[in-house]
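# Examination of the molecular architecture
So the chains spell out like this:
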Amino acid sequence: MSEAAYKYMSAYYALKTLRDLELKITPPNQFNDPFEFSPRVICSSPEREAKRILKLKAEIKGMYEEEKQLGIFRGNFREYRERMRRMRPTLISGVAGKMHEANAHLQHNYLDGISRDVGVLSLSARPNSIVMWGHYGDKHRGMVIGFDTAWEVFRSGKGLRSVRYDRKRLTWDSACKPGSAAEKAYVVQMICHKNDEWAYEDELRQMFKLAGLKRRPLEDRGVGYFLSVPAHTVVSVLLGARCSIEDEAELRSVLDNRRFSHVTRPKRARLHDTEFALEF
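In this text the structure is predicted, and so the values were computed from the model without any measurement.

### So, the packing of helix α2 (residues 46-53) against helix α5 (residues 88-97)
- For the pair α2 and α5, interaxial distance at closest approach is 8 Å and the crossing angle is 120 degrees. By the criterion of interaxial angle, the relationship of α2 to α5 is oblique. Relative to α5, α2 is oriented so that their crossing is right-handed. For the pair α2 and α5, contact is made by Pro46, Glu47, Ala50, Lys51 and Ile53 and by Arg88, Ile92, Val95 and Ala96, respectively.
- For the contact of α2 with α5, the residue count by class is six nonpolar, no polar and three charged.

As structure tokens, then:
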């Protein structure tokens, strides 16, 4: 039997998830942890990075347009590039000297920048966390849905991965060559790296491009992004210890649909008699 990954939810959103067969994908800047996707940014070689920047045609074009608009330079782009060539040693020194300021700006704005393009699906490797039930399961009144980790989407790209918990923030070197193996390895680390105070979540997560997801307005007037989930990926539903009889009855009605005929009968959490533990 395949392993499952679990989503803690209020009863309302659990039932909606089962009816719509969609999972919400959240941009990182909407997470409750402000350290998400926010590395410490350094530059190990300011001069080398300055040389790389000054070779980029788009960067030079931007500088040209800005100086043209301000009236600093009045010639054409070819003349500007020739001027840049002659001034290159001075420019390299100037750009390198501003690298610390640029890194601080990148560190401050990286989270919002990446959140315009990607979102994250967050699940858990365990369904019986008392704290998770309290925080995300509506104070034990909600439900936990189990999803089959053998689903091909969970195995595509970087796939569904375990979060690594650490006491220190990741460090990103802005001098790292774009598209290099080092940059790709860092991105994988960044997706699955969190403060160790969150270790109780035993989180599994996967990153998705927002452009490929369904979009629709949310109740708070924001925009939500959703991933369609086949019914066969739903393998279990658990009820919180305080889940209402009405919500349980509604869940059973939803699961009566033949597309959920494979789902095991819902189990309700019970408080262990002598330990701080949940039994199902």
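We are not done yet, so read on.
### Quick word on the nonpolar core
- Counting 34 residues, the largest nonpolar core has Leu18, Met143, Val234, Leu251 and Phe260 as its most contacted members.
- For this core, the leading source of residues is helix α1 (residues 11-20), giving four residues.

### Some details on a nonpolar patch on the surface
- A cluster of nonpolar side chains, Ile130, Val131 and Phe276, forms an exposed patch at the surface whose accessible area comes to about 340 Å².
- Mapped onto the secondary structure, Val131 falls in helix α7 (residues 130-136).
- Val131 sits in the partly exposed class, given a relative accessible area of 38%.

### Remarks on the side chain of Glu67
- Position of Glu67 among the secondary structure elements: in helix α3 (residues 57-70).
- Judged by its relative accessible area of 16%, Glu67 is buried.
- Only 3.3 Å separates the side chain of Glu67 from the side chain of Arg83, close enough to count as a polar contact.
- In this view, Glu67 contacts Ile72, Phe73, Tyr80 and Arg83; residues no more than four positions away in its chain are not counted.

### Quick word on the pattern of salt bridges
- Within this structure, the stated rule accounts for 21 salt bridges.
- Between Glu22 and Lys214 there is a salt bridge; the shortest N-O distance is 3.0 Å. Of this pair, Glu22 sits in strand β2 (residues 22-25) while Lys214 is found in strand β11 (residues 214-217), placing the two residues 192 residues apart along the sequence.
- With a relative accessible area of 9%, Glu22 lands in the buried category.
- The partly exposed category is assigned to Lys214, whose relative accessible area is 41%.

Conventions adopted
Residues numbered from 1 in each chain as written. Predicted model: local features only at pLDDT ≥ 70, side-chain atom pairs only at ≥ 80, totals over all residues. Heavy atoms only, no water. Axes fitted to C-alpha atoms, helices over the stretch in contact; angles between N-to-C directions. Helix = DSSP H or I, 4+ residues; strand = E, 2+ residues; numbered from the N terminus. Parallel < 35°, antiparallel > 145°, perpendicular 65-115°, else oblique. Left-handed = near helix turned anticlockwise from the far one by under 90°. Contact = heavy atoms within 4.5 Å. Nonpolar A, V, L, I, M, F, W, Y, C, P; charged D, E, K, R; others polar. Core = buried A, V, L, I, M, F, W, Y, C linked by side-chain atoms within 4.5 Å. Buried < 20%, exposed > 50% of the residue type's maximum accessible area, 1.4 Å probe, protein only. Patch = residues over 30% accessible without salt bridge, like charges linked within 9 Å, V, L, I, M, F, W, Y side chains within 5 Å. Areas by Shrake-Rupley, 256 points an atom, 1.4 Å probe, with all protein chains shown as cover. Salt bridge = Lys/Arg side-chain N within 4 Å of Asp/Glu carboxyl O. Polar contact = N/O pair within 3.5 Å; in protein donor to acceptor, adjacent residues only side chain to side chain.

All we've got here are geometric facts, nothing functional implied.
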